Structure formats: C-alpha cells, structure tokens
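So the chains spell out like this:
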Amino acid sequence: MPEFLASGVELGFSGSSAPSTRCTSDHFQKSRVEVMDDKPGPGPLSETSEFLFSFGVIADIQYADLEDGYNFQGNRRRYYRHSLLHLQGAIEHWNTEGSPPRCVLQLGDIIDGYNAQYKASEKSLELVMNTFQMLKVPVHHTWGNHEFYNFSRNYLTNSKLNTKFLEDQIVHHPETVPSENYYAYHFVPFPQFRFILLDAYDLSVLGVDQSSAKYQQCLKILKGHNPNSELNSPQGLSEPQFVQFNGGFSQEQLNWLNEVLTFSDTNQEKVVIVSHLPIYPEASDSVCLAWNYRDALAVIWSHRCVVCFFAGHTHDGGYSEDPFGVHHVNLEGVIETAPDSQAFGTVYVYPDKMMLKGRGRVPDRIMNYKRESAFRC
C-alpha cells in the first residue's frame, strides 16, 4: 500500500498541501458486484460442475506493535495490532475447512513500514511468520512496498519471505526458469492449473543499494515520469502510477512470463497470476498501478491461458473483468479492517469457473472462464 508515514523524505510527505492519493475511486467501486449475498457455510456449491480444489488469499496485513492510527489523509483507520488477530482468524478458518486449501497466497505488505522507524522490523516479521507456521498448508509470499520499507532486497532473498523453494520446474523447458535478478516463480497446486508469482518491484528505487546501477536506472525511469521533488506525490502527473511507492516489471521478467504463458497455452493449462501491484485500471485507482502495467497486460493478453490476476495494495479492494476475460481482483487489506470484521477469502476452483468466497469486507465473486478456453476435464 502506498505509504506516507515512515522516516525521511523517501517515504513521506510533509505539510498540509500533499495531494490525496488514497487508492480507491468511484469508477471501480461501480464494478464491485457482490454475487453471493447470502454468504452460505464453508464452501460454495456448484450445480453445474465438479469442485476441483481451493486456495486462500489475504493481503496487506501490515502488522506493527502500535496503537490504532490512520492513513495519511486521516480518513481511514488502521488497526496495526489487530491485524495479527485477523491473520490468526483466517488461518484457523483455513485449517478447519472440510476440504483444506491447496495453498494460501499472501499478496504482500506483511508488516508495516512503521516498524523500520521503531527498529522493530525483524521482531514484527518473526511474530507474523510464527503465526503463519500454524497454517497447515503452504503459503506463497509476494513482496510489496512495505517489505522494502523494512528490508533490503538481499535481506528478503535470504529470509522466510522467499518462498521460491515451492516453485515448479518444468523438465526440458529451461526458458521457464526465472532469473535470480527478480523474485518470481510458478507452481502447480493442481493438475492443469499453473500459478505465477510476479515481482512488481523488479523495477524500483525501494530496497536497492543507491550506489548500484539498478537503482540509478530505476531512479531515471521514475524521475523521467515524475518531476515532483516529492517522488511519492502524483500531483500533476499524466501517469500517476509513477510514484516511489510503486514499481514495475523488467523486460527480462516480462520475457520470462511470456515463455511460461506460452508453455501453459500449449499444454492447455489455466493460469492465475499474483502480484502486489494491480495492472488493470478499471480495477484500481491509477495511482496504485504498476509503473509499466500496459506492458504486463500486453503479455497477458497475447495468451489464452490466464483466467485471474490477484493483487493487493489498494486496501479498499476492486474488481473488473477485462475485454479478454481475465478477472482482476484487488483484495481488501487486513490493515484497515475493523476488529469486528475480517478480510480474507477462499477461492473454489471448478472446470468452468472460480468462486471467491469472501469473509468480512471481502465480497463474494463468481469468475467464469472465457468460453473459448473453458477447461475440460
């Protein structure tokens, strides 16, 4: 989630003239359709097709050992301590489901940037990771801006937040092996379904050594689109996603994604893509998008296999189906979820659709596959 709260210029506005950049807007609120209002018991039923498997989703936990606070604009309450209790509740739910999920997708921002300010980053991460250890199924961790407010990329690579060891390796297809230059991989939770985890901060000035060529390259990209002295400000920008709390995908990573999707097309797989940053404007406020979201969409739209794209970052959530039948789901953030509610979901997968069963302020959704590539058992 974009943040204006940590130490120094790098993460914060100062003064009352800062523009509002809350990641929500009317245009995607209109696209939110709560399709199963009755919220039935565990696991939706489908009369038309056979249930295959499920997976859990949760986003923007942003735990910190702090009293409740507010976002920068002062209009959204944040429950820093209670976010851990929300996580515990989600894990208890997944652990007790009659048919447990194959895995859980953690969509980034696992601890809050405030931890760095209070020198509590490692302690808070350990507490959240110990909570995740109670989960009886694998969890795949995505990296967001708050990971980089707290840790360097090198630290994250050698931490428990690196779940690349869970990746699938396709025999005789070396082109589908990701580079070590970015944090991305793919895995198969169920036959004929491939999940791809992307690194939305592959291009970023966050978490990178400022003396490195990569930092200078990314700073040049950012300043080329954002002339503001405060690089977290989208004020006056024609492309407001070019702010410091966002990032982008390198051409190397996009080329790799293209190779994996080509393999999935050839083998008639269904693909779910995971990223901290959203890439589809109709599902997100433009200030929350990945820098080069159009490039990512161009790759995805050149293939038939992608059915869903899950992201976090916006806190308010969002949803839209794009013209190519890809469902873009931005999950509501745990950090801004009141103690008497919840914010997680379980996605139930069928041969012809996915059904998101939301908890608390996460709405239910039915996501049908595009007809020309409907999965056949």
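Thresholds applied
Within every chain, residues take consecutive numbers counted from 1 along the sequence as written. Local features in this predicted model are restricted to residues of pLDDT 70 or higher, and side-chain atom pairs are both shown and tallied only at a pLDDT of 80 or more, whereas totals for entire chains, interfaces and linings draw on every residue. The basis for the side-chain values is all heavy atoms of the structure; hydrogens and waters are excluded. UniProt positions are given in the numbering used here, feature names are shortened, and annotations may be inferred rather than shown by experiment. Elements are defined by DSSP. Helices are runs of H or I of four residues or more, strands are runs of E of two residues or more, and each kind is numbered from the N terminus. The cut-offs for exposure are 20% and 50% of the maximum accessible area for each residue type, with area from a 1.4 Å probe on protein chains only; residues under the lower value are buried, those over the upper are exposed, and the others partly exposed. Residue contacts follow a heavy-atom distance rule, with two residues in contact if any of their heavy atoms lie within 4.5 Å. All accessible-area figures derive from a Shrake-Rupley calculation using a 1.4 Å probe, and residue coverage is judged against the displayed protein chains alone. Between any two strands, pairing holds if DSSP finds at least two bridges. Axes, fitted as lines to C-alpha atoms, cover a helix only where it is in contact. Angles between the N-to-C directions of the axes lie from 0 to 180 degrees.

The protein carries the name Manganese-dependent ADP-ribose/CDP-alcohol diphosphatase in an unreviewed UniProt entry, which gives Acinonyx jubatus as its organism. Of the protein, the UniProt comment under Subunit (unreviewed entry) reads exactly: "Monomer." The record held by UniProt for the protein lists under Sequence similarities (unreviewed entry) the comment "Belongs to the ADPRibase-Mn family."

> Help me understand the overall build of the protein, please; the structure alone is not making it clear to me.
Counting its regular elements, the protein contains 10 helices and 14 strands. By the burial criterion, 62% of the 377 residues in the protein qualify as buried. Expressed as a percentage of contacts within the protein between residues at least 6 apart in sequence, the contacts between residues at least 24 apart total 70%. For the protein, the accessible surface area stands at approximately 15100 Å², while carbon and sulfur atoms represent 49% of it.

> Even after reading the chapter, I still don't get the sheet that holds strand E8 (residues 270–274), so can you show me in this structure?
What links the strands of a sheet is backbone hydrogen bonding, and the strands pair in either a parallel or an antiparallel sense. On the basis of which strands lie adjacent, the open sheet formed by six strands has the order E6-E7-E8-E9-E11-E10 and mixed pairing. Two strands lie at the open edges of the sheet, namely strand E6 (185–190) and strand E10 (318–321), each paired on one side alone. Strand-to-strand twist across the sheet, computed as the mean angle between neighbouring axes with direction ignored, equals 15 degrees. Bridge count for E6 against strand E7 (residues 193–197) is four bridges, and the pairing is antiparallel. Residue Tyr-185 lies in a different strand from E7, and its bridge partner there is Leu-197.

> Teacher, can you tell me more about the environment of Trp-301 here?
Residue placement: Trp-301 occurs in helix H10 (residues 293–301). Through-space distance from the C-alpha of Trp-301 to that of Val-326 is 8.5 Å; in sequence the pair is 25 residues apart.

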